[in-house]
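Below, each chain spelled out in residue letters.
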Amino acid sequence: MDSDRSYWTGWGGPQSPLLHGVDIDHPKRIEGDDVKLTDRVVAFVDILGFRSLVENSTMESAVSTVVSLEEALYHIGNRPHHDFEVSKLFSDTIYFSAPVHWQGVNWVFGKSMVAQALFLERGFLVRGGVSSGLHYESKKVIFSRSLIKSYDLEREVARFPRIVVDPDLLAVAAGFERGDRNEPQNASDPNFCAPLPSELVLRDSDGVFFLDYMRMLDLMPDLADVHIGMIKQGAKLYAESPRILSKFKWMAEYHDREDRYGASASATVLLSTLFAV
């Protein structure tokens, strides 16, 4: 077999446009020592109804949707504050990753909550999962047990517009808070100011742990009114669709659960007002 592959002709020949940028004769060898697998915490966040949104868009509505997505992603930000942070976006999915230490867990939880609140402001519901496990990633490859676990949580456990958290990860985070491990920064540090990971999580009525995204009220004062507006709209639009309606009913239960809203929102008992319970 000729090394210059001159036996190829036409579109398959050595000058073929199909081969531009492809180096078949000099493959790169990856040494095992170059592959570093570590434990990382990974969030998998999915925008609900995205396929239908794309398929049913007019040119005008498509432009509006893309503008909203670009704005949300801009505010989420892709520039890391720490060298351990990784954010990736593909199609309708957002992915956050960091090492399994208290700072990494806190960052992934916080970033996921900010993303959920920003998308909510723009009329998008999201659902997701956060877990940890063996993980490798490069610019081109992701080999991740934690990503698979997070994906499974989103698909099989979340059900509602919530980002659920693996209980095993919470147990690890609780260890950080007790000071069981020597981490880059811990709760006893005098400079510590970020909330502990457990403070960002609620336990739902079905026993599932999820990220308490309404904590973003401190940064986004209008979030409560936006939340109420989406629930009211969903209750009206999907009154005859029990599966979709259940998502907005869950949001109403969550909204009514916490007494932390401004005067305009605190008087609204959404669950009893909008849903027959």
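Computed from a predicted structure; not experimentally measured.

A.B. asks: I'd love a proper account of a nonpolar patch on the surface, names of residues and values included.
C.D. replies: Taken together, the side chains of Val35, Leu37, Leu134, Val141 and Phe143 present a nonpolar region at the surface, about 390 Å² in accessible area. Mapped onto the fold, Val141 is located in the loop between strand S4 (126-137) and strand S5 (142-144).

A.B. asks: Break down the pairing of strand S3 (residues 93-99) for me, with residues and values.
C.D. replies: Of all seven residues in S3, seven are buried, a share of seventy percent or more. The pairing of strand S1 (residues 38-47) with S3 spans seven bridges and is antiparallel. Each residue of the ladder has a partner; that of Phe44, found in S3, is Tyr95.

A.B. asks: Give me the side chain of Ser150: which residues, what numbers.
C.D. replies: Locating Ser150 in the fold gives a position in helix H4 (residues 145-158). When near neighbours in sequence (up to four residues on either side) are disregarded, Ser150 contacts Val42, Phe44, Gly129, Val130 and Ser131.

A.B. asks: So what about the side chain of Glu137? Which residues, and what values?
C.D. replies: Tracing the sequence through the fold places Glu137 in strand S4. At 2.5 Å, the side chain of Glu137 forms a polar contact with the side chain of Tyr95. At 3.4 Å, the side chain of Glu137 forms a polar contact with the side chain of Ser97.

A.B. asks: Lay out H4 in plain terms, naming residues and giving numbers.
C.D. replies: In this model, H4 (14 residues) spans 18 Å end to end at C-alpha, consistent with the 20 Å of a helix rising 1.5 Å per residue. Arg159, located one to two residues past H4, shows a positive phi value of around 65 degrees.

A.B. asks: How would you summarise helix H2 (residues 59-76) if you had to cite specific residues and measurements?
C.D. replies: Its 18 residues place the ends of H2 26 Å apart at the C-alpha level, agreeing with the 26 Å of an ideal helix rising 1.5 Å per residue. Buried within H2 we find Thr65, Ser68, Leu69, Ala72 and Ile76. The arc that holds the buried residues of H2, viewed along the axis, is 95 degrees, so those residues lie on one side. Exposed residues lying more than 90 degrees from the buried face of H2 are Met59, Glu60, Glu70 and Tyr74. At its buried positions, H2 is contacted by S1, helix H1 (50-55), S3 and helix H3 (102-121).

A.B. asks: An account of unusual backbone geometry is requested, with residue identities and associated values reported.
C.D. replies: Negative phi is the rule for most residues except glycine; trans is the rule for most peptide bonds. Not every positive phi belongs to a glycine, and Arg159 is a case in point at roughly 65 degrees. On the secondary structure map, Arg159 appears in the loop between H4 and strand S6 (163-165).

A.B. asks: Lay out the packing of aromatic side chains with the relevant residues and their values.
C.D. replies: Under the counting rule described, the total for this entry stands at nine aromatic pairs. With a centroid separation of 6.1 Å and an interplanar angle of 85 degrees, the aromatic rings of Phe119 and Phe124 are classed as edge-to-face. A relative accessible area of 8% means that Phe124 is categorised as buried. Taken together, the ring pairs connect Phe160, Phe210, Tyr213, Trp250 and Tyr254 into an aromatic cluster.

Here is what the cut-offs are and how they apply
- Residues numbered from 1 in each chain as written.
- Predicted model: local features only at pLDDT ≥ 70, side-chain atom pairs only at ≥ 80, totals over all residues.
- Heavy atoms only, no water.
- Patch = residues over 30% accessible without salt bridge, like charges linked within 9 Å, V, L, I, M, F, W, Y side chains within 5 Å.
- Areas by Shrake-Rupley, 256 points an atom, 1.4 Å probe, with all protein chains shown as cover.
- Salt bridge = Lys/Arg side-chain N within 4 Å of Asp/Glu carboxyl O.
- Helix = DSSP H or I, 4+ residues; strand = E, 2+ residues; numbered from the N terminus.
- Buried < 20%, exposed > 50% of the residue type's maximum accessible area, 1.4 Å probe, protein only.
- Pairing = 2+ DSSP bridges.
- Contact = heavy atoms within 4.5 Å.
- Polar contact = N/O pair within 3.5 Å; in protein donor to acceptor, adjacent residues only side chain to side chain.
- Expected span 1.5 Å × (residues − 1).
- Arc of directions from axis to C-beta.
- Phe/Tyr/Trp six-rings, centres within 6.5 Å; stacked < 30°, edge-to-face > 60°.

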